[in-house]
Amino acid sequence: MMSHELDSLYQDIILDHAKRRLNAGLREPFEAEVHHVNPTCGDEVTLRLHLEGDVIRDISYDNQGCSISSASASVMTELLIGKTVAEAKPIHDAFLEMMRGKGQVEPDEDVLEDAIAFAGAAKLTARIKCALLSWMAYQDALVRAQEESDV
Amino acid sequence: MTTTQLVGLLPELEVIRADFPILERTVAGGLPLVYLDSANTSQKPQVVIDTMVDHLERHNANVARAMHALGAESTEAFEGGRDRVAAFLNAPSRDEVIFTKNASEALNLVANTLAWAQGPLRVGEGDVVVTTEMEHHSNIVPWQLLTERTGATLKWFGITDDGHLDLANIDELISERTKVVTLTWVSNMLGTINPVAEIARRAHEVGAIVVLDASQAAPQLPVDVVACGADVVVFTGHKVVGPTGIGVLWGRRELLEQLPPFLGGGEMIETVRMEGSTYAGIPHKFEAGTPPIVEAVGLGAAVDYLSHIGMDAIHRHEQAITAYALEGLQTVRGLTVLGPLDAAERGGAISFELDGVHPHDVAQVLDSRGVAVRAGHHCAKPAHARFGVQSSTRMSSYLYTTPAEIDALVDGLEYTRSYFKLG
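Residues numbered from 1 in each chain as written. Chains lettered and ligands numbered in written order. Predicted model: local features only at pLDDT ≥ 70, side-chain atom pairs only at ≥ 80, totals over all residues. Heavy atoms only, no water.

> Would you mind showing me how to read unusual backbone geometry here?
Across the chain, the bulk of peptide bonds are trans and the bulk of non-glycine residues have phi less than zero. Along the chain, E28 of chain A connects to P29 of chain A via a cis peptide bond; the corresponding omega equals -10°. Mapped onto the fold, P29 of chain A is located in the loop between α2 (12-20) and β1 (32-38). The linkage connecting I282 of chain B with the following residue, P283 of chain B, adopts the cis geometry, with an omega of 5°. The backbone of K102 of chain A shows a phi angle near 55°, a positive value even though the residue is not glycine. Mapped onto the secondary structure, K102 of chain A falls in the loop between α4 (85-99) and α5 (109-112). With relative accessibility at 67%, the residue K102 of chain A sits in the exposed group. Phi is positive for E113 of chain A, close to 50°, though the residue is something other than glycine. Mapped onto the elements, E113 of chain A comes out in the loop between α5 and α6 (119-122). Overall, the relative accessible area of 39% leaves E113 of chain A in the partly exposed class. (Helix = DSSP H or I, 4+ residues; strand = E, 2+ residues; numbered from the N terminus. Buried < 20%, exposed > 50% of the residue type's maximum accessible area, 1.4 Å probe, protein only.)

> I would appreciate a short explanation of the interface of chain B and chain A in the present structure.
Many analyses report the size of an interface as the accessible area lost when the parts associate. Every contact between the two is made by 16 residues of chain B and, on the other side, 24 residues of chain A. Carbon and sulfur atoms supply 50% of the area buried between chain B and chain A, which totals about 1600 Å² over both sides. The tally of links from chain B across to chain A stands at one salt bridge. With five residues, helix α11 (residues 359-367) of chain B is the single largest residue contributor to the side of chain B that touches chain A. (Contact = heavy atoms within 4.5 Å. Buried area = accessible area lost by both parts, 1.4 Å probe. Salt bridge = Lys/Arg side-chain N within 4 Å of Asp/Glu carboxyl O.)

> Even after reading the chapter, I still don't get a negative patch on the surface, so can you show me in this structure?
Together, E78, D108, E109, D110 and E113 of chain A make up a region of like negative charge exposed at the surface. Mapped onto the elements of the fold, E109 of chain A is located in helix α5. (Patch = residues over 30% accessible without salt bridge, like charges linked within 9 Å, V, L, I, M, F, W, Y side chains within 5 Å. Areas by Shrake-Rupley, 256 points an atom, 1.4 Å probe, with all protein chains shown as cover. Lys, Arg positive; Asp, Glu negative; His and termini not counted. Charge placed at Lys NZ, Arg CZ, Asp CG, Glu CD.)

> Help me understand the sheet that holds strand β14 (residues 335-338) of chain B in this model?
Sheets are built from strands paired through backbone hydrogen bonds, the pairs being either parallel or antiparallel. Residue and element names in this part refer to chain B. Read across the sheet, four strands follow the order β14-β15-β18-β17 without closing on themselves; strand pairing throughout is antiparallel. In this open sheet, the two edge strands, each paired with only one partner strand, are β14 and β17 (374-376). Averaged over all pairs of adjacent strands, the angle between strand axes in this sheet comes to 30°, irrespective of strand direction. Of the pairings in the sheet, the one linking β14 to strand β15 (residues 349-354) comprises four bridges and is antiparallel in character. Across the sheet, L335 pairs through a bridge with L354, a residue of β15. In the packing of helix α10 (residues 311-329) onto the sheet, contacts are made with β14, β15 and β18 (392-396), and the angle to β15 comes to roughly 5°. With respect to the sheet, α11 is in contact with β15, β17 and β18, its orientation differing from that of β17 by roughly 160°. (Pairing = 2+ DSSP bridges. Axes fitted to C-alpha atoms, helices over the stretch in contact; angles between N-to-C directions.)

> Would you mind going over the UniProt feature "domain: NIF system FeS cluster assembly NifU N-terminal" (unreviewed entry) in chain A with me for this structure?
The feature "domain: NIF system FeS cluster assembly NifU N-terminal" (unreviewed entry), as given by UniProt, occupies residues 10-130 of chain A in the numbering adopted here. The distance from the first to the last C-alpha atom of residues 10-130 of chain A is 13 Å, and the span holds 43% helix and 22% strand. (UniProt positions renumbered as here; feature names shortened; annotations may be inferred.)

> Would you mind going over helix α7 (residues 125-150) of chain A with me for this structure?
Compared with the 38 Å implied by 1.5 Å per residue over 26 residues, the 38 Å span of α7 of chain A between its first and last C-alpha is a close match. Approximately 40° is the largest bend angle found in α7 of chain A, and it occurs at L132 of chain A. (Expected span 1.5 Å × (residues − 1). Bend = angle between axes of the 7 residues up to and from the residue.)

> Mind showing me how you'd approach the sheet that holds strand β10 (residues 232-236) of chain B here?
Residues and elements named next belong to chain B. If you trace the eight strands from one edge of the open sheet to the other, you get β4-β11-β10-β9-β8-β5-β6-β7, paired in mixed fashion. Bordering the open sheet on either side are β4 (97-100) and β7 (165-166), each of which pairs with just one other strand. Where β4 lies against strand β11 (residues 247-251), four bridges are found, and the strand directions are antiparallel. Note on β11: the bridge partner recorded for I98 is L249. Across the face of the sheet, helix α3 (residues 69-89) comes into contact with β4, β10 and β11 while running at roughly 120° to β4.

> Help me understand the UniProt feature "domain: Aminotransferase class V" (unreviewed entry) in chain B, please; the structure alone is not making it clear to me.
Sequence positions flagged by UniProt for "domain: Aminotransferase class V" (unreviewed entry) are, in local numbering, residues 34-409 of chain B. The span residues 34-409 of chain B carries 36% helix and 19% strand; its end-to-end C-alpha distance comes to 8 Å.

> Help me understand the domain arrangement of chain B, please; the structure alone is not making it clear to me.
Residue and element names in this part refer to chain B. Under the domain assignment used here, chain B contains domain 1 (13-45 + 311-420) and domain 2 (49-308). The C-alpha centroid of domain 2 is placed 28 Å from the C-alpha centroid of domain 1. Each side of the interface is counted separately: domain 1 has 39 residues, and domain 2 has 34 residues. Counting each side, the surface lost to burial between domain 1 and domain 2 is near 3100 Å², with a carbon and sulfur contribution of 57%. Together, P45, M311 and R386 form the three largest contributors to the area buried by domain 1 at its contact with domain 2, with a combined 21%. One can count one salt bridge joining domain 1 with domain 2. A salt bridge links D161 to R386; its shortest N-O distance comes to 2.7 Å. At the boundary of domain 1 with domain 2, the tally comes to 25 residue pairs in polar contact (both at pLDDT 80 or more). At the level of secondary structure, the elements contributing two or more residues to the side of domain 1 that touches domain 2 comprise α10, β15 and α12 (381-386). In terms of residue class, the side of domain 1 that touches domain 2 is made up of 18 nonpolar, twelve polar and nine charged. (Domains from an automatic or database assignment. Polar contact = N/O pair within 3.5 Å; in protein donor to acceptor, adjacent residues only side chain to side chain. Nonpolar A, V, L, I, M, F, W, Y, C, P; charged D, E, K, R; others polar.)

If you want it as structure tokens, here you go:
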């Protein structure tokens, strides 16, 4: 990659989130806990989801990974905590669409807010999974939490 | 330090580099390629590329079954590859050289056929298989599968703080119950060169067989399969300047003859009746189906190329570059090398941590400067776990690596620190 692509990957928003890691740490209570791994690089995240009715009250996490995967977890929790599951869905969908769009999808900043900073990572095959790790973990946790509440 | 002051470098290094066309290309918008990922896969000299192209252009046919001129030429070229590999390994017999898909398949071949063997080689309930914590996953998982399926027990040597095998409990690990001792000659993560002969001697005292993963050793050390003391030696073609898609399993004749076939199919049989079949002798007993023909031809050219330069000379070059790299890396603030710090005790793969920057991010920044390294667990998760890290950055040199490329790496790491605003 060229140096200007490096800067588009490591935007300030990403470096800032990677350093601050908003909402990091595992907290109680939670309805679902999942552990996701990126087998190619070994990045790991343990993620807990706490729902109150339809509202995402908390997403807490513990991760080991690169700046892209750390920043992605941080941005995601900032975006989704406090929203209803239904409000979170279009954001989640838009993020997946951007990351799977091979850099061709024009992200909507109104929906994705800080998460548009990952558009640079979407162009790099090797980094897409880094950015998606915590988002896939959230999706898995949501399914489990909802199964739990159905029982 | 300038190039001329480094003792042990290959003479005419620029001539050798000119043999590798890929080293001329640029990356990252015009920067010269600094390829420091040879432990992952090596680059290929022109002679290997040309030999393979020539085979495909002029001699292509299936082997051992085509009754025509091209069939004879192709068979001769394929079996010629086997002769060259046998010579490279100093194998007592060419029949002891089995071509596989890669080193992983070679290890799986041994692990599976030991479960199926009749007689003393058979690994079953109550038996012990010993591996080590510093193996590549390919020399752990096949043995986990074997022991899980047979009721045998898997044990392993640990690693000392300075990155050597911990032999303190060798008497406990290698006991009368031990059937197999398997280990890597050179660690792909720590770089450590292991005391193979000593461990082999202990294993043989209790009647165990010794399996040696030479995937990282064959590229950079002179290999003599008899002198090393192992019963089975495996390596992969693509790390010895050969093509992907081919690996080598060398085994002592008596051992290979006692092991049952691995895969069934064409070429591995003597005769087939619906009621049952009998099998070919070695090496073909273990080579079911159309083999990697052009890959064997290319591998033959590759090991000839290395032998022509001389494995002793290549080893000296690797040691000189490794010593220079260890010295340079340790000037980078916050950098910790994992594994032995003495170049004489190790191979040319150096894994390290850079405090405050994840290995992926290190590799990404280096890539923007044309420097190719590997980041991750290098298929050695247990070895990383031993040192309390999840992943590392790894540089690995080879016969074409120059001191200037090491300088580019060190400069790149300084740049990485500043890019991520480390003080």
